[in-house]
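Examination of the molecular architecture
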Amino acid sequence: MNHAIRKTGLSGLLVMLLTVWGLASPPARAEYGDLVLNEHAEKEGMPPVIFPHWFHRIRFRCKVCHADLGFQFKAGGSGINMLKIIDGKYCGACHNGEIAWSVENCNICHSGKPGLKTQVIGSRLGTLAPPRAASKP
Amino acid sequence: MNVQMPSLKFIVLLFIVAALLLVFGVVHQAGAAERKNPNVFNRLLKPKKPFNLPPAKDGYHDPEGEGVAYLQPPKEAFKDLVPAKVGNHVDWVRSLESGKITPRYDRLDPKAKPIVMDLNIVREVKGSMPDVAYPHKQHTEWLDCSNCHPAIFIPQKGANQISMAAILMGQKCGVCHGKVAFPITAKTCRKCHSRPKGRKGKKAKAKKAASKK
């Protein structure tokens, strides 16, 4: 009897704490234009990557990455993986310990919350209803 | 004794729950009182959302991640940049023009100068909106010709069908605008739709003046 009460109480407490956590956690307000990249990351046991566009455009014009380094204008559209990066392609063209910090600092890029989908944060597309054909299962 | 100890813990937990309930009850009631007034000023206007939050509070970064502490808060970087009302709340074009930022045009050479083309393309639009004057100058400051031509825009007059629907769906101008470059909102229509209809260009004006003589 005592055990049953305790169990209910504890599960109740858990629900309470979850509700409180849900209310207290601030709404998502990440920077406009930042990317979440989770094509491979979580499947391979790492948190998703968050790429801050704003930080990079203070230092480089769009052309450097999007013309010279081959980054596509599409989140997840460039087929980047860690092998390409350590071979000096894509992010690895700068993140090599010479122009910018090197790839051993895994957690600076792989810093997203678990479960995020590949997306452009604040994208207008995200606010539009999907086409009817796409919304059907 | 062994049976007594956990139940003590349970009582303490109950107290915590009660305290939390009390606090949230008070907060909730305060909110309800605010909502009760049916004639509240600007009834449907949403309150202003916070922006440029530090990474640990932006809802996307994991606040417990080891790397988050190393990330720069956007506000710190944007302090001296030209402000805007949309997007990052930074006017990137003006920040570049005024020299507040000096982004590299080449990965390795900090002194490389962009190949800038100063050519406006005027697109006469249907409907009542002013015509669009597309400035190559501001775009070539950031981008290379190959970024847009010929995949997104065929470099030929009249060859490109552009509509706001296509742009909002992420095509044409919408490949960048609405994702990273300034977004498409009611506050930004006139950034592109900037040329009053029927306004004559410099060439037409000069021609008219010449014919009068």
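Scope of this entry: the structure provided in the associated data block. (Residues numbered from 1 in each chain as written. Chains lettered and ligands numbered in written order. Predicted model: local features only at pLDDT ≥ 70, side-chain atom pairs only at ≥ 80, totals over all residues. Heavy atoms only, no water.)

Each helix and strand counted, chain A has 6 helices and 3 strands in total. Starting at the N terminus, the α and β elements of chain A follow one another as α-β-β-α-α-α-α-β-α. Looking at chain A residue by residue over its 137 residues, the buried ones come to 31%. The long-range share in chain A, meaning contacts at least 24 apart out of those at least 6 apart in sequence, stands at 55%. Carbon and sulfur atoms form 62% of the exposed surface of chain A, whose accessible area is close to 8,300 Å². (Helix = DSSP H or I, 4+ residues; strand = E, 2+ residues; numbered from the N terminus. Buried < 20%, exposed > 50% of the residue type's maximum accessible area, 1.4 Å probe, protein only. Contact = heavy atoms within 4.5 Å. Areas by Shrake-Rupley, 256 points an atom, 1.4 Å probe, with all protein chains shown as cover.)

What follows covers the sheet that holds strand 1 (residues 35–37) of chain A. Read from one edge of the open sheet, 3 strands run 2-1-3 (chain A), paired in antiparallel fashion. Two strands in the sheet have a free side with no partner beyond their single neighbour: strand 2 (49–51) and strand 3 (119–120) of chain A. (Pairing = 2+ DSSP bridges.)

Once that is clear, we can look at the packing of aromatic side chains. Here the structure, examined in full by the defined rule, presents 4 aromatic pairs over all chains. With a centroid separation of 5.8 Å and an interplanar angle of 75 degrees, the aromatic rings of Trp54 of chain A and Phe55 of chain A are classed as edge-to-face. Since its relative accessible area comes to 25%, Phe55 of chain A is described here as partly exposed. What links up through ring pairs into an aromatic cluster is the set Trp54 and Phe55 of chain A together with Phe78 and Trp92 of chain B. Over the aromatic face of Tyr105 of chain B sits the side chain of Lys63 of chain A, whose NZ or CZ is 4.3 Å from the ring centroid. Positioned above the aromatic ring of Phe182 of chain B is the side chain of Lys191 of chain B, whose terminal nitrogen or guanidinium carbon lies 4.8 Å from the ring centre. (Phe/Tyr/Trp six-rings, centres within 6.5 Å; stacked < 30°, edge-to-face > 60°. Lys NZ or Arg CZ within 6 Å of the ring centre and 35° of its normal.)

What follows concerns the environment of Val116 of chain B. Residues and elements named next belong to chain B. Position of Val116 among the secondary structure elements: in the loop between helix 3 (92–97) and strand 1 (120–123). Residue Val116 is classed as partly exposed on the basis of its relative accessible area of 35%. In sequence terms Val116 and Thr140 are 24 residues apart; their C-alpha atoms lie 5.1 Å from each other. With near-sequence residues (within four places) excluded, Val116 lies in contact with Lys137, Thr140 and Glu141.

Further remarks concern the interface of chain A and chain B. Where interface size is quoted, it is often the accessible area lost as the parts come together. On the chain B side, the residues contacting the 54 residues of chain A number 63 residues. Of the roughly 5,300 Å² buried between chain A and chain B, counting both surfaces, carbon and sulfur atoms make up 68%. Of all residues in chain A, the largest losses of buried area upon contact with chain B belong to Tyr32, Arg57 and Arg61 of chain A, amounting jointly to 17% of the total for that side. The tally of links from chain A across to chain B stands at 1 salt bridge. Inspection of the chain A/chain B interface yields 22 residue pairs in polar contact (both at pLDDT 80 or more). (Buried area = accessible area lost by both parts, 1.4 Å probe. Salt bridge = Lys/Arg side-chain N within 4 Å of Asp/Glu carboxyl O. Polar contact = N/O pair within 3.5 Å; in protein donor to acceptor, adjacent residues only side chain to side chain.)

Residues and elements named next belong to chain A. On the surface, a cluster of nonpolar side chains totalling about 310 Å² of accessible area is made up of Met82, Leu83 and Ile86. Among the secondary structure elements, Met82 is positioned in helix 4 (residues 82–86). According to the relative accessible area criterion, Met82 is partly exposed, its value standing at 41%. (Patch = residues over 30% accessible without salt bridge, like charges linked within 9 Å, V, L, I, M, F, W, Y side chains within 5 Å.)

Glancing now at the nonpolar core. One finds Trp54 and Ile58 of chain A together with Ala77, Phe78, Leu81, Val90, Trp92, Leu96, Ile101, Trp142 and Leu143 of chain B forming the largest nonpolar core, which totals 11 residues. Counting only elements with at least two residues in this core, the list comes to helix 2 (53–59) of chain A together with helix 2 (74–78) and helix 3 of chain B. Apart from the residues within four sequence positions on either side, Ala77 of chain B is in contact with Trp54 and Ile58 of chain A together with Gln72 of chain B. If you look at the next biggest cluster of nonpolar residues, it comprises 6 residues, including Val36, Ile50 and Ile121 of chain A together with Tyr60 of chain B. (Core = buried A, V, L, I, M, F, W, Y, C linked by side-chain atoms within 4.5 Å.)

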